[in-house]
Amino acid sequence: MFTLISLPYAPDALEPVISRETIDFHHGKHLQTYVDNLNKLVAGTEFETMPLEEIVCKSQGGVFNNAGQILNHNLYFAQFAPNSLNANSLIPEPLAHALNRDFGSFDAFKAEFEQKGVSLFGSGWVWLSADNDGKLVITQETNANNPITKGLKPLLTMDVWEHAYYIDYRNRRAAHLQALWQIINWEEINRRYTNG
Ligand code: MN
């Protein structure tokens, strides 16, 4: 059985960047629906006991869509921390060095990431990932896709499905993406980068 992840913060802790109402719908309804759908689809199949990462690499259709969305949202919701904890935080090493090395500067990285989020047509996700050599890359993934299917290790993501921002930002996707930097938990992103 797949289960809904618990949030590592209170549902209103990310305000005003992400409202409690958005968290309640996005985590409590959208993600819960993907979990319920996947459990129905995999019952009695080879996927029932597989890790999400493996399902995403081996499945297609409804199983892929729901497993991919669970994996994506699990990484998404676990990467945030309340603004107040994060306001003065420096990016930890070795991630800070890698961002400067591969994008020129932190500001250049943010600009490319936001541009790829804004220009992704339709629903999907923009990702920062690491390749096998630890080089950082930004990719656009449509719908439920995750960069692990390209052999990359996903580190940071922004959800550009309208359900992620329409309650708080309406059509202003760029403003939403720009605001999200305030609540990124860089310790968590660096942990993903250095893990394995
Ligand atoms: Mn979403």
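Note that the structure is predicted; figures quoted are calculated from it, not measured. (Residues numbered from 1 in each chain as written. Predicted model: local features only at pLDDT ≥ 70, side-chain atom pairs only at ≥ 80, totals over all residues. Heavy atoms only, no water.)

### Re the pattern of salt bridges
Line of reasoning, step 1. Using the criterion set out here, one finds 7 salt bridges in the structure.
Line of reasoning, step 2. Where Asp102 meets Arg101, a salt bridge forms, and the shortest distance between an N and an O atom there is 2.8 Å.
Line of reasoning, step 3. Relative accessible area serves as the criterion here: at 45%, Arg101 is assigned to the partly exposed category.
Line of reasoning, step 4. Within the structure, one salt-bridge network assembled from shared partners comprises Glu188, Arg191 and Arg192. (Salt bridge = Lys/Arg side-chain N within 4 Å of Asp/Glu carboxyl O. Buried < 20%, exposed > 50% of the residue type's maximum accessible area, 1.4 Å probe, protein only.)

### Re the environment of Ile70
Line of reasoning, step 1. Structurally, Ile70 is set in helix H3 (residues 61-77).
Line of reasoning, step 2. Residue class for Ile70 comes out buried when judged on its relative accessible area of 2%.
Line of reasoning, step 3. C-alpha separation for the pair Ile70 and Ala174, spaced 104 residues apart in sequence, amounts to 24 Å.
Line of reasoning, step 4. Filtering out sequence-adjacent residues up to four positions away, Ile70 remains in contact with Leu31, Tyr34, Val35, Leu38 and Leu52. (Helix = DSSP H or I, 4+ residues; strand = E, 2+ residues; numbered from the N terminus. Contact = heavy atoms within 4.5 Å.)

### Quick word on the domain arrangement of the protein chain
Line of reasoning, step 1. Along its sequence, the protein chain is organised into domain 1 (20-78) and domain 2 (88-194).
Line of reasoning, step 2. Centre-to-centre separation of domain 1 and domain 2, based on C-alpha positions: 20 Å.
Line of reasoning, step 3. Taken together, the contact pairs 19 residues of domain 1 with 20 residues of domain 2.
Line of reasoning, step 4. Carbon and sulfur atoms supply 63% of the area buried between domain 1 and domain 2, which totals about 1600 Å² over both sides.
Line of reasoning, step 5. The interface formed by domain 1 and domain 2 includes 0 salt bridges.
Line of reasoning, step 6. The interface formed by domain 1 and domain 2 contains 9 residue pairs in polar contact (both at pLDDT 80 or more).
Line of reasoning, step 7. Mapped by element, the contributors of at least two residues to the side of domain 1 that touches domain 2 are helix H1 (20-42), helix H2 (52-58) and H3.
Line of reasoning, step 8. Per-element accounting of the side of domain 1 that touches domain 2 gives the leading share, 9 residues, to H3.
Line of reasoning, step 9. For the side of domain 1 that touches domain 2, the per-class residue count stands at 9 nonpolar, 8 polar and 2 charged. (Domains from an automatic or database assignment. Buried area = accessible area lost by both parts, 1.4 Å probe. Polar contact = N/O pair within 3.5 Å; in protein donor to acceptor, adjacent residues only side chain to side chain. Nonpolar A, V, L, I, M, F, W, Y, C, P; charged D, E, K, R; others polar.)

### Brief notes about the sheet that holds strand E3 (residues 153-159)
Line of reasoning, step 1. Here we have 3 strands laid out as an open sheet, ordered E2-E1-E3, and antiparallel in their pairing. Strand pairing shows two members of the sheet lacking a second neighbour, strand E2 (136-142) and E3, which therefore form its edges. Sheet twist, expressed as the average angle between the axes of neighbouring strands with direction ignored, equals 25°.
Line of reasoning, step 2. Judged from the 6 bridges that link them, strand E1 (residues 124-130) and E3 form a sheet pairing that is antiparallel. Pairing of Leu128 across the sheet is with Leu156, part of E3.
Line of reasoning, step 3. Packed onto the sheet, helix H5 (residues 95-103) meets E1 and E2 and runs at close to 80° relative to E2.
Line of reasoning, step 4. Strand contacts of helix H9 (residues 186-194): E1, E2 and E3, with the helix running at about 145° to E3, the strand carrying the most contacts. (Pairing = 2+ DSSP bridges. Axes fitted to C-alpha atoms, helices over the stretch in contact; angles between N-to-C directions.)

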